[in-house]
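What the coordinates show
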Amino acid sequence: MDTIVLKFGGSSVADNEKLKLVAQKITGLYEKKHNIVVVVSAQGKTTDKLIEDAKELSEKPNNRELDVLLSSGEQISSSKLSLLLNKMGYPSISLTGWQAGIYTNNTNQNAIIKCINTGRIREELEDGKIVIIAGFQGINENMDITTLGRGGSDTTAVAISASLGAKNCYIFSDVDGVYTTDPNRLPQAKKLSALSYEEMLEISSEGAKVLHNRCVEIGEKFKVPIITKSTFNNKPGTVISDIIEENTIKSIVKKEVSRLSIIGNGMTRNFNNLKLILDIIEENKLDMLEFHVTESKVSITFKDKIADDILEKIHEKLV
Ligand code: ADP
Ligand code: ASP
Ligand code: MG
């Protein structure tokens, strides 16, 4: 039987009603005779709230204790989901990061996964259980809890997929795929059906929240196809794999207020695109501090804050 990994983000598990939707998705796939491993984020804005609480108690919270606190968000969502699945008659078990055998280095709040001892996960799967893992956390050599950095549950999911040799890693969230720019910022954004790891890594590293950048690196290294989909509809998502398409603009990321990055393969050979970008900059009398072109990306740093309509103009011309 093949194994698939499903990751559900914070907005997908935000309340009991959403947990029920998630449970239905999981049981549908379980019935189709897959081994199912689920990775969950903390519910809604729980992690933000926990950070706020810690800062209210201490201006400089102790790093070790902060990770104990932050990891609790994912323990709540994983145990709730397991309670629900059990109640629905499906065998399931929740595991914390350390119970799932996730070992990391010692960098609190930004730990890197060193290895995963999959023994317990495999045992539970052999027992026919749906295994629900608390994302975003692991344990270091001192047996202390660590967390993987904001958005790190994606990385838990892809790392677990790699170590189990899973067929696919599905990342479910509030968007039904990776778009040509943040669809919540620009409604004209178009969904991409496929992307290469390299392109996705550029998009994530430039700050698009849709996937944690380290999960893309792991996916590429271990050749795990990552499929991003929506929890709330059944539309086809975006497949991230090692297939590279030449000369197509994939996505535009506006980071902070004065940086724009245009991602796609063959940038250095596509003078037409470069000219279109430079024309918009000139027409709008924008001052640049940096214009940097690599094979897969053009990144521009402006002197001043740029408005969303510049993003819109560049998107309209290039995509
Ligand atoms: P989750 O909580 O499920 O992990 P995130 O909030 O981390 O989800 O990521 C999904 C969000 O990423 C979307 O709501 C969207 O606003 C944002 N996003 C930014 N850039 C893109 C993009 N190019 N394509 C899709 N979503 C994007
Ligand atoms: N709960 C963590 C965060 O909000 C991890 C995650 O959602 O992936 O950053
Ligand atoms: Mg996320």
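Our structure is the block above this text.
Heads up: these notes are all about the structure in this document. Treat the numbers as computed from the prediction; the structure is a model and nothing was measured. (Residues numbered from 1 in each chain as written. Chains lettered and ligands numbered in written order. Predicted model: local features only at pLDDT ≥ 70, side-chain atom pairs only at ≥ 80, totals over all residues. Heavy atoms only, no water.)

**Quick word on the site of ligand 2**
Put simply, the rule is: One heavy atom within 4 Å of a molecule or strand is enough for the residue carrying it to be called near that molecule or strand. Two N or O atoms form a polar contact when they lie within 3.5 Å of each other; inside protein one atom must be a possible hydrogen donor and the other a possible acceptor, and for residues adjacent in sequence the pair counts only when both atoms belong to side chains. Surface accessibility in these figures is a Shrake-Rupley result with a 1.4 Å probe; residues are shielded only by whichever protein chains are displayed. Any residue outside Ala, Val, Leu, Ile, Met, Phe, Trp, Tyr, Cys, Pro, Asp, Glu, Lys and Arg is labelled polar, Gly included; the first ten of those are nonpolar and the last four are charged.
Taken together, the residues surrounding ligand 2 are Ser41, Ala42, Thr47, Glu74, Phe136, Arg150, Gly151, Gly152 and Ser153. Ser153 is positioned such that a nitrogen or oxygen atom in its backbone is 3.0 Å from an oxygen atom of ligand 2. For ligand 2, whose unbound accessible area comes to 260 Å², protein coverage reaches 87%. Here the shell around ligand 2 is composed, by residue class, of two nonpolar, five polar and two charged.

**Notes on the packing of aromatic side chains**
Put simply, the rule reads: For Phe, Tyr and Trp, rings pair up if their centres lie within 6.5 Å, where Trp contributes its six-membered ring, and each pair is then called stacked (planes under 30 degrees apart), edge-to-face (over 60) or tilted (otherwise). Helix and strand labels come from DSSP, where a helix needs a run of H or I of at least four residues and a strand needs a run of E of at least two; each type is numbered from the N terminus. Burial classes: relative accessible area under 20% of the type maximum marks a residue as buried, over 50% as exposed, and values in between as partly exposed (1.4 Å probe, protein chains only).
Considering all chains together, one arrives at three aromatic pairs under this definition. Here the aromatic rings of Phe8 and Phe172 are separated by 4.8 Å at their centres, their planes lie at 10 degrees, and the arrangement is stacked. With a gap of 164 residues between them, Phe8 in strand β1 (residues 3-8) and Phe172 in strand β9 (residues 168-173) connect regions that are remote in the sequence. Side by side, Phe8 and Phe172 carry an identical accessibility label, which is buried. Look at Tyr170 and Phe172: their rings are 6.2 Å apart centre to centre, the planes differ by 25 degrees, and that puts the pair in the stacked class. Owing to a relative accessible area of 4%, Phe172 belongs among the buried residues under this scheme. Three or more aromatic residues joined by ring pairs form one cluster here, namely Phe8, Tyr170 and Phe172.

**Regarding the packing of helix α2 (residues 46-57) against helix α3 (residues 63-87)**
The condition is simple: Here an angle of 0 to 180 degrees is reported between the N-to-C directions of two axes, which are lines fitted to C-alpha atoms, with helices fitted over the stretch in contact. Roughly parallel here means an angle under 35 degrees, roughly antiparallel means over 145, roughly perpendicular means 65 to 115, and every remaining angle is called oblique. Crossings are sorted by hand: turned counterclockwise from the far helix by less than a right angle, the near helix makes the crossing left-handed, and turned clockwise it makes it right-handed. For this analysis, residues touch if any pair of their heavy atoms sits within 4.5 Å.
It is the contact of α2 with α3, at a shortest axis distance of 9 Å, that shows an interaxial angle of 150 degrees. Judged on the interaxial angle alone, α3 and α2 are roughly antiparallel. The chirality of how α2 crosses α3 is right-handed. Every residue of α3 that contacts α2 at Thr46, Thr47, Leu50, Ile51 and Ala54 is listed here: Leu66, Leu69, Leu70, Ser72 and Gly73. For the contact of α2 with α3, the class distribution of residues is six nonpolar, four polar and no charged.

**Topic: the side chain of Asn168**
Checked against the element boundaries, Asn168 lands in strand β9. On the accessibility criterion, Asn168 (13% relative accessible area) is buried.

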